[in-house]
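Spelled out, the chains give:
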Amino acid sequence: MENTLGLEIIEVVEQAAIASSRWMGKGEKNIADQVAVEAMRERMNKIYMRGRIVIGEGERDEAPMLYIGEEVGICTREDAKNYCNPDELVEIDIAVDPCEGTNLVAYGQNGSMAVLAISEKGGLFAAPDFYMKKLAAPAQARGKVDINKSATENLKILSECLNRSVEELVVVVMDRPRHTELIAEIRQAGARVRLISDGDVSAAISCGFSGTNIHALMGIGAAPEGVISAAAMRCLGGHFQGQLIYDPEVVQTGLIGESREGNLARLKEMGINDPDKCYNAEELACGENVLFAACGITPGTLMEGVRFFHGGARTQSLVISSQSKTARFVDTIHMFDSPQTLNLK
Ligand code: VTB
């Protein structure tokens, strides 16, 4: 699965990031998202693969592009077997978030990126558009911290695993009223909190790399983004757990269906019989091979944002593969017009 796909998906996230970054700081989050979706879809449809969107822009009737169930890639055409080799005809599932952090792009803030995850058919949890309680932590704490434990307990475990005091730990939490108590507890325990307005995928993945000074992500964000984060953490060997949140009262912001009962019924319809189950990274991204790719739109902890220059742009991406056990940072210069002198500063 990996060979050429691993290279081509870099271009998929790069194109989405470049398109979206043109709308950076313009206060138009829907356009910043829409252009990323279009660019991602256009590039994806040039790949020799047989892909199906399992996490995308929404259900078919509400999203014109990259809707859940949409088939993408050249090998989804009816006559594909005439020109695609058998490897490319293997069905793969794709989770996309072409503009993760639309507000961040619209307001020119750090931490937005174009992102996707790929696995064999059935290899990614098709999460409903609900929320998810998340716990991400570095590999040293994998299986030791636990989403069912209190933040105080987890911080103590983390401090032991990372061989540093609780005061030296930094926890990222989304700045939302639903997290008031969580934030107070983390501070009370002695750790430091980085509040973010959006973009918890970047925060989760940052836990998988030492040197980022981010030691945990705690709190409730969106479920689809949770699966994408889990795919990266699964490849990195980091800790990730997620538990679906179906009660609108817990979330306090955003929309997740009409009522707790309605949401529970929807989960049942989807075949999720235990709505309170805590999933780990290997369950959310269970495929044998998992690939993850992201490209910074605005600057972030792990990647630079898109930078334009006369005649081109420079991007920074990250591709993580469970198969080759690699995390590659890719620095790309894109030449838009006739060849230019490349300015590497
Ligand atoms: C969450 C988070 C995302 O939007 O979905 C958030 O996971 C929306 O949360 O990373 P609210 O509904 O509480 O505002 C992001 O921050 C960006 O898409």
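Residues numbered from 1 in each chain as written. Predicted model: local features only at pLDDT ≥ 70, side-chain atom pairs only at ≥ 80, totals over all residues. Heavy atoms only, no water.

Let's talk about the overall build of the protein
Here comes step 1: Secondary structure summary: the protein contains ten helices and 14 strands in total.
Here comes step 2: Oriented by its inertia axes, the alpha-carbon framework of the protein measures out at about 60 × 50 × 40 Å.
Here comes step 3: A total of 345 residues make up the protein; the buried ones form 54% of that total.
Here comes step 4: Considering only contacts in the protein between residues 6 or more positions apart, those separated by 24 or more positions represent 68%.
Here comes step 5: Computed over 34 positive and 48 negative side-chain charges, the inter-centroid distance for the protein is 4 Å. (Helix = DSSP H or I, 4+ residues; strand = E, 2+ residues; numbered from the N terminus. Buried < 20%, exposed > 50% of the residue type's maximum accessible area, 1.4 Å probe, protein only. Contact = heavy atoms within 4.5 Å. Lys, Arg positive; Asp, Glu negative; His and termini not counted. Charge placed at Lys NZ, Arg CZ, Asp CG, Glu CD.)

Some thoughts on the state of the cysteines
Here comes step 1: Applying the stated criterion across every chain, the model contains one disulfide.
Here comes step 2: What pairs with C75 in a disulfide is C84, and their sulfur atoms sit 2.2 Å apart. The S-S bond linking C75 to C84 shows a torsion near -95 degrees; that makes this disulfide left-handed.
Here comes step 3: Its relative accessible area of 0% is what places C75 among the buried residues.
Here comes step 4: With no disulfide of its own, C286 lies 12 Å from the sulfur of C235, the closest cysteine sulfur. (Disulfide = S-S within 2.5 Å.)

Some words on the site of the ligand
Here comes step 1: Around the ligand there are 15 residues in total, and E100, Y131, D198, G199 and T253 lie nearest to it.
Here comes step 2: Backbone polar atom of A222 to an oxygen atom of the ligand: 2.9 Å apart, as the coordinates give it.
Here comes step 3: Mapped onto the shell around the ligand, the elements with two or more residues apiece are β5 (131-137) and β8 (216-222).
Here comes step 4: Along the lines of polarity and charge, the residues of the shell around the ligand split into three nonpolar, five polar and seven charged. (Near = heavy atom within 4 Å. Polar contact = N/O pair within 3.5 Å; in protein donor to acceptor, adjacent residues only side chain to side chain. Nonpolar A, V, L, I, M, F, W, Y, C, P; charged D, E, K, R; others polar.)

Quick notes on the domain arrangement of the protein
One widely used convention gives an interface's size as the accessible area the parts lose upon coming together.
Here comes step 1: For the protein, the assigned domains read domain 1 (2-122 + 289-335) and domain 2 (131-284).
Here comes step 2: Domain 1 and domain 2 are separated by 24 Å when their C-alpha centres are compared.
Here comes step 3: Surface buried jointly by domain 1 and domain 2 totals about 1,700 Å² across both partners, of which 74% is contributed by carbon and sulfur atoms.
Here comes step 4: In terms of surface lost to domain 2, no three residues of domain 1 exceed E100, T301 and L302, which account for 27% of the buried area on that side.
Here comes step 5: Seen at the junction of domain 1 and domain 2, the total is three residue pairs in polar contact (both at pLDDT 80 or more). (Domains from an automatic or database assignment. Buried area = accessible area lost by both parts, 1.4 Å probe.)

Some details on the sheet that holds β8
Here comes step 1: With respect to topology, six strands assemble into an open sheet ordered β7-β6-β8-β5-β9-β10, the strand pairing being mixed. Each of the sheet's edge strands pairs with one partner strand only, and the pair in question is β7 (192-196) and β10 (278-280). Between one strand and the next, the sheet's axes are offset by a mean angle of 20 degrees, whatever the strand orientation.
Here comes step 2: Bridge count for β5 against strand β9 (residues 239-245) is seven bridges, and the pairing is antiparallel. Counterpart to M132 in the pairing with β9 is L244. (Pairing = 2+ DSSP bridges. Axes fitted to C-alpha atoms, helices over the stretch in contact; angles between N-to-C directions.)

Describing the packing of helix α4 (residues 151-161) against helix α5 (residues 180-189)
Packed helices, taken two at a time, are described by the angle their axes make and the gap between the axes.
Here comes step 1: Following both chains from N to C, one finds α4 and α5 inclined at 40 degrees, their axes separated by 9 Å at the closest point. Relative to α5, α4 is oriented oblique. Helix-helix and strand crossings are classified by hand; for α4 and α5 the assignment is right-handed. Contacts between α4 and α5 involve A151, T152 and L155 from the former and L182, E185, I186 and A189 from the latter.
Here comes step 2: Considered class by class, the residues forming the contact of α4 with α5 number five nonpolar, one polar and one charged. (Parallel < 35°, antiparallel > 145°, perpendicular 65-115°, else oblique. Left-handed = near helix turned anticlockwise from the far one by under 90°.)

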